[in-house]
Amino acid sequence: MLSGVEINNTITNPDHIPVLLGEVIKGLDLKDGGIYIDGTFGAGGYSVAILEKKKCNVIAIDRDPEVLEKGKNIVEAFRGRLKLVQGRFGDLQEILRREGVNSVDGIVLDLGISSMQVDDRLRGFSFLRDGPLDMRMEKAGMSAADAINTLSETDLSDIISRYGEERHASRVAKAIVKNRKVRPFMRTIHLADTIRSEVRRSRAGIDPATRTFQALRIYINDELGELERGLIGAENVLSANGRLVAVSFHSLEDRIVKSFIRDRSKRAPGPSRHKPILEDLEKKISFKMINMRALTPSRREIISNPRSRSARLRIAEKLLTKPKNLN
Ligand SMILES: C[S@@+](CC[C@H](N)C(=O)[O-])C[C@H]1O[C@@H](n2cnc3c(N)ncnc32)[C@H](O)[C@@H]1O
């Protein structure tokens, strides 16, 4: 039992525990007959809970090709009610067009990577397990090793600072460039040890490699760009009263979700000579904010699933019409 919602554990992968499951399901405000998007299928925890809760349909998306294979049994179990698509939620509108769907009743995004991806050392996401320096969710395109071995010191420093919020980014970048001349970086442990030799463990005991690994993962997978495109796609395909539910795991993601919802739900400023009023209204007032503050996991959930500890959930509801006083 997790946050008040039980899922059928015989069909989902027990290696990934869905985070804030009860809150996500409540936040989606599910209806019989609805069509819902699970933009980050992973082990299928959210999709299964949605399909078990209501007689609805789910279109699930994941960019990781391995997920498609692992999710086959779940697709079969729901006999036509679940469609699993390999792709990016940043291409949501294009994916729905291909599926012949114009609008949907709810969208959930559970950002980042799954426990299966972190724990598989061959994927190269973990600084604790030695593996190839890969980090590509799609298993295609530029790998983390390509980036580390070819980008300039300035670019590396910028990426580590911006996406890892690492204070010592320039020092880490310098050490990478110096060390790669001796031996190119091909393994996660080589990179992690190089970072550890430059940056001390924090007082809270956080591994110094944490922030640089996060930065590389975000950069390689263009995670923040995906999120921005995904939110705009959600805005365009959600039907009136449809819910957008987003779970983020670090401040960079949460900031994007929070400012998007704030921007789209705040009252438009008074008419300005410089901006057409309609453009302002149509662009901004498309959502109602459901929770003013992000929801976070209970102590109980954090104890049973420590990976949930940094989760923050935000919910917004698509508006039916423009607010009356703005017409
Ligand atoms: C945190 S896990 C989701 C876990 C899922 N909610 C569950 O209960 O099993 C995130 C998943 O989203 C996928 N993912 C990340 N970014 C994506 C994107 N832009 N488009 C589609 N899938 C993405 C990852 O490959 C990973 O499988």
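What this report covers is the structure whose coordinates are included nearby.

Calculation criteria
Residues numbered from 1 in each chain as written. Predicted model: local features only at pLDDT ≥ 70, side-chain atom pairs only at ≥ 80, totals over all residues. Heavy atoms only, no water. Pairing = 2+ DSSP bridges. Helix = DSSP H or I, 4+ residues; strand = E, 2+ residues; numbered from the N terminus. Right-handed = clockwise from strand over helix to strand, strands pointing away. Contact = heavy atoms within 4.5 Å. Polar contact = N/O pair within 3.5 Å; in protein donor to acceptor, adjacent residues only side chain to side chain. Near = heavy atom within 4 Å. Areas by Shrake-Rupley, 256 points an atom, 1.4 Å probe, with all protein chains shown as cover. Nonpolar A, V, L, I, M, F, W, Y, C, P; charged D, E, K, R; others polar.

1. Thoughts on the pairing of strand S1 (residues 35–38)
Next up, step 1: As defined by bridge partners, S1 adjoins strand S2 (residues 57–62) across four bridges and the pair is classed as parallel. The residue bridging Asp38 from the neighbouring strand is Ala60, located in S2.
Next up, step 2: The parallel pair S1 and S2 is bridged by helix H2 (residues 45–53), and the resulting crossover is right-handed.
Next up, step 3: As defined by bridge partners, S1 adjoins strand S4 (residues 104–110) across three bridges and the pair is classed as parallel. Among the inter-strand pairings, Tyr36 is bridged to a residue of S4, identified as Gly106.

2. A closer look at the environment of Ser47
Next up, step 1: Within the fold, Ser47 resides in helix H2.
Next up, step 2: For the pair Ser47 and Ile160, spaced 113 residues apart in sequence, the C-alpha separation works out to 34 Å.
Next up, step 3: In contact with Ser47, not counting residues within four places along its chain, are Asp38, Phe41, Val58, Ala60 and Leu82.
Next up, step 4: Among the polar contacts made by the side chain of Ser47, one reaches the side chain of Asp38 at a distance of 2.7 Å.

3. Topic: the site of the ligand
Next up, step 1: In the vicinity of the ligand there are 24 residues, among which Ala43, Asp62, Asp110, Gln117 and Glu226 approach most closely.
Next up, step 2: Gln117 has a polar side-chain atom sitting 2.9 Å from an oxygen atom of the ligand.
Next up, step 3: At 2.9 Å, a side-chain N or O of Glu226 approaches a nitrogen atom of the ligand.
Next up, step 4: Calculation on the ligand without its partners gives an accessible area of 600 Å², and the protein chains cover 98% of this total.
Next up, step 5: Partitioned by chemical class, the residues of the shell around the ligand number eight nonpolar, ten polar and six charged.

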